[in-house]
Amino acid sequence: MRKFLNIVVIFILCAALIETVTRGFFAWRVGPNVFAYGTPFYVDPYRAADEIRTVQMHDNELSGYSKYLAGQVRYDVDPVTKERFQVIINNFGFRGRNFEIAKKPNVIRIVTLGASSTFGYYSREDFTYPMQLEGILNNSAAQEFEVINLGIPHLTAEQIAALFEAEAIPLNPDVVTFYEGNNDSARLWEFINDDLQPSLLDSTREFFGGYSVFVAMLNSIILEKEMSPQNLDLELGPAALEVSERFLQALEVIAAECEQRGILFVVSNQQKRSDMFDREKFAGITMQDELKLIQSRASEGLPLTRKERHFYVQMILMQELKNWADDADLPFVDVIKAMDQERDNLLTHVHLSQRGNKIVAQKLSEAILANLNVSQDDKN
């Protein structure tokens, strides 16, 4: 019995030493807050970010989707200047100025559907692509245009379709645009071993990972190792196609409703990058170039990050989207091609700089003007 107790004491002391060293290392790298990990005094950096960037939170839960509460004030941060700025939510719980359900006479109303990139993460009001789109159209045509931004962060295509039916249709739009894909790409793991229950060991590791920095680090390493496919097409491809199927089913709902109501439906593919390089190094590296690099890493047995795997799924998703739009004879805006040499305009893996938003707005305006056949009147 005494021998057993000695072993237990030695084990506890070794574990405490390992934990102390691990906490010391990460405290040196990211700050002393790590020493409080697993206690009520620990400040979760993600929650802290949410308190600063309150645009990430929208808790008006509705049927199949969520949005903001009308009139809320939210905050975002300029990623370059680090300045915090206000984001005003309008009378319908969306970003932008207040509007009325009834459309003004002789105005072409456009509704933009999407998630955080459409909402305009990190962008001031005038820099979002919906606002730039309105400006470009009103400076390019004799007709008056009104653009209403219905983008809500975090939404998937299925949720956007539900929002479209509940929020966009009553606005009687003449044009509906769609720009999203990233949130659906991140759903990959819903279709991989989704019927497997975690083992007792997995559950135990997860539990102690909430209190131990060392175990949390170990869990992260194990997770990456378990999710490091060597053949992307074989191991992730089938799940990616399931993601695409769900994605396109949602788009078909929107397209059918638009066709029935005589609404022009314009779809766009979405630029995306992984965390393979720093942002500035992505200038001149196309999405296809990045895909080849990721495939090469996988074939060599090197671990891939989640963003690299999501990027692979995004490539499949966007190709399926183009094929679907071509088959449905819908106007298709190739944002990927338009931005492929300027991917440093992605502030994050998917969110756009002012220049990136302008590229999206310009390409959308060209497609809208071409398909509406409105008279051009350059006012610049």
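Everything below is about the structure printed above this text.
About the criteria used
Residues numbered from 1 in each chain as written. Predicted model: local features only at pLDDT ≥ 70, side-chain atom pairs only at ≥ 80, totals over all residues. Heavy atoms only, no water. Helix = DSSP H or I, 4+ residues; strand = E, 2+ residues; numbered from the N terminus. Buried < 20%, exposed > 50% of the residue type's maximum accessible area, 1.4 Å probe, protein only. Contact = heavy atoms within 4.5 Å. Patch = residues over 30% accessible without salt bridge, like charges linked within 9 Å, V, L, I, M, F, W, Y side chains within 5 Å. Areas by Shrake-Rupley, 256 points an atom, 1.4 Å probe, with all protein chains shown as cover. Salt bridge = Lys/Arg side-chain N within 4 Å of Asp/Glu carboxyl O. Axes fitted to C-alpha atoms, helices over the stretch in contact; angles between N-to-C directions. Parallel < 35°, antiparallel > 145°, perpendicular 65-115°, else oblique. Left-handed = near helix turned anticlockwise from the far one by under 90°. Nonpolar A, V, L, I, M, F, W, Y, C, P; charged D, E, K, R; others polar. Pairing = 2+ DSSP bridges. Polar contact = N/O pair within 3.5 Å; in protein donor to acceptor, adjacent residues only side chain to side chain. Phe/Tyr/Trp six-rings, centres within 6.5 Å; stacked < 30°, edge-to-face > 60°. Expected span 1.5 Å × (residues − 1). Arc of directions from axis to C-beta.

A. Representation of the overall build of the chain in the model. Looking only at helices and strands, one finds 14 helices and 9 strands in the chain. Sorting the 380 residues of the chain into buried and exposed places 48% on the buried side. At a minimum sequence separation of 6, the contacts of the chain that also span at least 24 residues come to 72%.

B. Structural view of a nonpolar patch on the surface. Taken together, the side chains of Met1, Phe4, Leu5, Val8, Phe11 and Ile12 make up a nonpolar region of the molecular surface, amounting to roughly 670 Å² of accessible area. Tracing the chain through its elements places phenylalanine 4 in helix α1 (residues 2-30). Judged by relative accessible area, which is 52%, phenylalanine 4 ranks as exposed.

C. A look at the packing of helix α11 (residues 287-299) against helix α12 (residues 306-327). Closest axis-to-axis distance for the α11/α12 pair is 10 Å, and the angle between their directions is 125°. Between α11 and α12, the angle falls in the class oblique. In this structure, the crossing between α11 and α12 has a hand that is left-handed. Residues Met287, Gln288, Glu290, Leu291, Ile294 and Arg297 of α11 form the contact with α12, whose participating residues are Glu308, Phe311, Tyr312, Gln314 and Met315. Of the residues belonging to the contact of α11 with α12, the class tally is 6 nonpolar, 2 polar and 3 charged.

D. Summary view of the pairing of strand β7 (residues 175-179). Counting buried positions over the 5 residues of β7 gives 5, a clear majority of the element. The side-chain alternation of β7 yields two buried faces, one formed by Val175, Thr177 and Tyr179 and the other by Val176 and Phe178. Relative to β7, strand β5 (residues 107-114) runs parallel, the two sharing 5 bridges. Considered in β7, the bridge of threonine 112 is made with threonine 177. Bridge count for β7 against strand β8 (residues 264-268) is 5 bridges, and the pairing is parallel. Considered in β8, the bridge of valine 176 is made with phenylalanine 265.

E. Structural view of the sheet that holds β7. With parallel pairing, 5 strands are arranged side by side in an open sheet as β6-β5-β7-β8-β9. Two strands lie at the open edges of the sheet, namely β6 (144-149) and β9 (332-333), each paired on one side alone. Pairing of β5 with β6, which is carried by 6 bridges, proceeds in the parallel orientation. Each residue of the ladder has a partner; that of threonine 112, found in β6, is asparagine 149. In this fold helix α5 (residues 157-168) packs onto β5 and β7, with an angle of close to 150° to the strand it touches most, β5.

F. Up close: the packing of helix α10 (residues 237-261) against α12. Orientation of α10 relative to α12, taken along the N-to-C sense of each, is 40°, at an axis distance of 9 Å. Here α10 is positioned oblique relative to α12, judged by the angle of their axes. Here α10 and α12 pass one another in a crossing that is right-handed. Side by side, α10 and α12 meet where Gly237, Ala240, Leu241, Val243, Ser244, Phe247, Leu248, Leu251, Glu252 and Ala255 of the first sit next to Tyr312, Val313, Ile316, Leu317, Met318, Glu320, Leu321 and Trp324 of the second. Residue composition of the contact of α10 with α12, by class: 14 nonpolar, 2 polar and 2 charged.

G. Looking closely at the environment of glutamate 290. Relative to the assigned elements, glutamate 290 resides in helix α11. Distance from glutamate 290 to methionine 276, taken between C-alpha atoms, is 8.4 Å for residues 14 residues apart in sequence. Not counting the four nearest positions on each side in its chain, glutamate 290 is found in contact with Lys272, Arg273, Ser274, Met276, Phe282, Ile285, Phe311 and Arg343. One polar contact links glutamate 290 to arginine 343, side chain to side chain, over a distance of 2.6 Å.

H. Representation of the packing of aromatic side chains. Overall, the coordinates contain 7 aromatic pairs when judged by the stated rule. Aromatic pair phenylalanine 119 and tyrosine 121: ring centres 6.3 Å apart, planes at 90°, arrangement edge-to-face. With respect to burial, phenylalanine 119 and tyrosine 121 carry one shared label: buried. Between phenylalanine 277 and phenylalanine 282 the ring centres are 5.6 Å apart and the planes differ by 65°, which places this aromatic pair in the edge-to-face class. Connected via pairs of aromatic rings, a cluster forms that spans Tyr68, Phe119, Tyr121 and Tyr122.

I. View of α11. Counted at 1.5 Å a residue, the expected span for α11 with its 13 residues is 18 Å, and the 18 Å between its end C-alpha atoms agrees. Every buried residue belonging to α11 is among Met287, Glu290, Leu291, Ile294 and Ala298, and all of these are buried. The buried side chains of α11 occupy one side of the element, clustering within an arc of 105° when seen end-on. For α11, exposure combined with an orientation more than 90 degrees from the buried face picks out Lys292 and Ser299.

J. Seen up close, unusual backbone geometry. Of note, histidine 154 is a non-glycine position whose phi angle comes to about 80°, a positive value. Relative to the assigned elements, histidine 154 resides in the loop between β6 and α5. A positive phi angle, close to 55°, is found at aspartate 329, a residue other than glycine. For aspartate 329, the location among the structural elements is in the loop between α12 and β9.

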